[in-house]
Structures are given as C-alpha cells and as structure tokens.
Amino acid sequence: MKGIVFTELLDLVEEKFGLGMVDTIIENSELESGGVYTAVGTYSFAEMLSLLKSLSAATGISIDDLLEVYAEHFFSVVEVSYPGFLAQYNDPIEMLASIENHIHVEVRKIYPDAELPTFDIEEKTDKSLTMLYTSSRAMYSFGRGLMNKTFEHFNSSATIIMEKLKEDGTEVRFIITKND
C-alpha cells in the first residue's frame, strides 16, 4: 500500500484527534515500519489495518465510519494536489464511471506499483451508475467516502446503496442514484 495513504491518515488523525492520538495508535499497533512513513514508500496493508483497529478502539468509531471520513479527507488532498485532473470532468456520474479506465490509469502513472481495487460498470445512465467493487482489502467504505465527495465536488448529491456480495466485503455492488 502506498505511503501517501498512511501519511494522509496520520495527518487526518492529528487534525481530528491531536498529536497524542497519533502517538497512541502508533504505539498500540503492530507496525513493521515503526510508524515511520514516506508518501512514496510502500507498506503492508496489515499496518493500515492495525492503525485503523487501534484508532477505532481509542475513539469508539467503527472502522467503516473512519474509512468514510478518511476518504473524504483524501479526496480533498486530491483536489489540492491534482486540480487539473478533476477539472477534466463535468459530472460526478461520468467521473465515477471512469475510475477503472482513466483514473486508475493515471494513478498507476504516478504510483506504478499501486495495488488498486477494480470497479466494473454493470449499468450506467445519465442519473445512475451500478458498479462492482472488488478488492482483497475490503476498503469499500473508503470507496463510498470518495464517491460522496465526488458528488459534493460537483455541488450535487446521490443516494449510494452498498450490497455486500461477499460477507468479507471483498466484493460489493454500489448502486448510485443522482438526487438532482
């Protein structure tokens, strides 16, 4: 997992809960890296999971809820760091429909060894999108948070329904319906 995902998580934890919480979750997690990350490094997903479990235990917030909030923060980082990328789109449905064939292609140019989930389009209209998310990491709540922020970015909103196709969350169907 790319280091930027770790550095931004720790930035968010510091912003929301303080530097003491960053120290607490690092101390309470099993981290091969010792909790030292660089944005361009690559680290084990087990470390991310350990940090999230420690944060959840310390705050009483579920991992799924933490991932959604984190995704919203991460989207803001993309807005600031890559404004030209988002400017290519005029509609949230179009942007989300391009995840696999455009967005992930661009991410791999920046981070060639990034391990990304797949998003297969099952159905698309001007007002709706049904996608199948597949990932061994089961971070579907992170995906949902990014989707919510995508609609917010376009001054829009949507109803997003998640159907777990596998109990462990490695396959999830997202049914997205634009509200306006």
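To keep things clear, this report deals only with the structure shown in the data block. Please read these numbers as outputs of a predicted model, since none were measured by experiment. (Residues numbered from 1 in each chain as written. Predicted model: local features only at pLDDT ≥ 70, side-chain atom pairs only at ≥ 80, totals over all residues. Heavy atoms only, no water.)

Observations regarding the pairing of strand 4 (residues 171–178)
Across the two faces of strand 4 the burial differs, with Val172, Phe174, Ile176 and Lys178 buried and Glu171, Arg173, Ile175 and Thr177 not buried at all. Sheet topology note: the strand 2 (residues 128–134)/strand 4 ladder contains seven bridges and is antiparallel. By the bridge assignment, Ser128 is partnered in strand 4 with Thr177. Two strands pair when backbone bridges link them, and strand 3 (residues 158–164) and strand 4 are joined in this way by seven bridges, in the antiparallel orientation. Paired with Ile160 across the bridge in strand 4 is Ile176. As consecutive antiparallel partners, strand 3 and strand 4 are separated by six residues, and within that stretch Gly169 has a phi angle of approximately 80°, a positive value. (Buried < 20%, exposed > 50% of the residue type's maximum accessible area, 1.4 Å probe, protein only. Helix = DSSP H or I, 4+ residues; strand = E, 2+ residues; numbered from the N terminus. Pairing = 2+ DSSP bridges.)

Structural notes on the sheet that holds strand 2
The strand order across the open sheet built from four strands is 1-2-4-3, with neighbouring strands paired in antiparallel fashion. The open sheet has two edge strands with one neighbour each: strand 1 (118–124) and strand 3. Each neighbouring strand pair of the sheet contributes to a mean axis angle of 20°, computed without reference to strand direction. Relative to strand 2, strand 1 is paired through six bridges, and the arrangement is antiparallel. Residue pairing for strand 2: Lys124 is matched across the bridge by Leu129. (Axes fitted to C-alpha atoms, helices over the stretch in contact; angles between N-to-C directions.)

As for unusual backbone geometry
Its identity is not glycine, yet Ala138 carries a phi of approximately 55°, on the positive side. Within the element layout of this structure, Ala138 appears in the loop between strand 2 and helix 8 (140–153). Judged by relative accessible area, which is 19%, Ala138 ranks as buried. Phi at Asn155 is positive, roughly 50°, even though this residue is not glycine. Positionally, Asn155 belongs in the loop between helix 8 and strand 3.

Here's the deal with the layout of surface pockets
By volume, the largest pocket amounts to about 960 Å³. If you go around the largest pocket, you meet 34 residues; those closest to its centre are Phe74, Val107, Leu116, Phe142 and Leu146. Of all the elements in the fold, those that place two or more residues in the lining of the largest pocket are helix 1 (3–17), helix 4 (63–81), helix 5 (83–86), helix 6 (92–97), helix 7 (99–110) and helix 8. A total of six residues in the lining of the largest pocket trace back to one element, the largest contributor, which is helix 7. For the lining of the largest pocket, the class distribution of residues is 26 nonpolar, four polar and four charged. (1 Å grid on protein atoms, 1.4 Å probe; cavity = no way out; pocket = protein on both sides within 12 Å on 5 of 7 lines; lining within 4 Å. Points joined across faces, edges and corners; volume = space filled by probe spheres on them. Nonpolar A, V, L, I, M, F, W, Y, C, P; charged D, E, K, R; others polar.)

Regarding the pairing of strand 2
For strand 2, a buried count of six out of seven residues is recorded, marking the element as mostly surrounded by other parts of the structure. Connecting strand 1 to the next strand, strand 2, in antiparallel fashion are three residues.

Brief notes about the packing of helix 1 against helix 3 (residues 45–59)
Interhelical geometry of helix 1 versus helix 3 gives an angle of 10° and a closest axis separation of 11 Å. Compared by their axis directions, helix 1 and helix 3 come out roughly parallel. Across the interface between the two elements, Val5, Phe6, Leu9, Val13 and Phe17 from helix 1 touch Glu47, Met48, Leu51, Leu52, Leu55 and Thr59 from helix 3. A class-by-class count of the residues in the contact of helix 1 with helix 3 yields nine nonpolar, one polar and one charged. (Parallel < 35°, antiparallel > 145°, perpendicular 65-115°, else oblique. Contact = heavy atoms within 4.5 Å.)

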